[in-house]
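Residue-level structure breakdown
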Amino acid sequence: SMIKEIQGLKDKFKDEDVEAPSPFQDLEKATVLQECRCFHEPNIEPRKCATLITKMLHIVTQGEALTSTEVTDVFFGVTK
C-alpha cells in the first residue's frame, strides 16, 4: 500500500537527516580571543585570519556575549 511505501522511504532516508557535527562546536571564547592577537602581528596569514573571523562569528551566533573591550580589540585588530 501507499503508506507502507512511504514508511519504507522514510526509513531508507532517515540516516541522511543526521547533521554532521560542527567543526566549531567546542570553541571557547577566551581561546579564540587569544588567537585573535595574530591580527596584530607584522606578517598576517589571510587564511588563518579568515578562520578566526569565522570562529568569532560562530561564537557570537551561539549566543556568547562579548564585552565592549573584546569587541573593540577584535574590531581594530581585523580592520588594521
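Residues numbered from 1 in each chain as written. Predicted model: local features only at pLDDT ≥ 70, side-chain atom pairs only at ≥ 80, totals over all residues. Heavy atoms only, no water.

**Some words on the overall build of the protein**
Along the protein, the regular secondary structure elements total four helices and zero strands. Taking 80 residues into account, the globule formula puts the C-alpha radius of gyration at 12 Å, and the protein, at 20 Å, lies well above it. Dimensions of the protein, computed from C-alpha atoms along their principal axes, come out at roughly 70 × 25 × 20 Å. Classification of the 80 residues of the protein by burial places 18% in the buried group. Considering only contacts in the protein between residues 6 or more positions apart, those separated by 24 or more positions represent 61%. (Helix = DSSP H or I, 4+ residues; strand = E, 2+ residues; numbered from the N terminus. Rg over C-alpha atoms; globule rule 2.2 N^0.38 Å. Buried < 20%, exposed > 50% of the residue type's maximum accessible area, 1.4 Å probe, protein only. Contact = heavy atoms within 4.5 Å.)

**Overview of the side chain of lysine 55**
Secondary-structure assignment places lysine 55 in helix α3 (residues 46-61). Under the relative-accessibility criterion, lysine 55 is labelled buried at 16%. With residues near it in sequence (within four places) discarded, lysine 55 still touches Phe24, Leu27, Val32 and Glu35.

**Quick look at the nonpolar core**
Counting 10 residues, the largest nonpolar core consists of Val32, Leu33, Cys36, Cys38, Phe39, Cys49, Leu52, Met56, Ile59 and Val74. Those elements giving two or more residues to this core turn out to be α2 (29-35) and α3. If we skip the residues at most four places from it in the chain, leucine 33 touches Met56, Glu70 and Val74. (Core = buried A, V, L, I, M, F, W, Y, C linked by side-chain atoms within 4.5 Å.)

**A short note on the environment of isoleucine 44**
Tracing the backbone through its elements, the reader meets isoleucine 44 in the loop between α2 and α3. Not counting the four nearest positions on each side in its chain, isoleucine 44 is found in contact with Cys38, Phe39 and Cys49.

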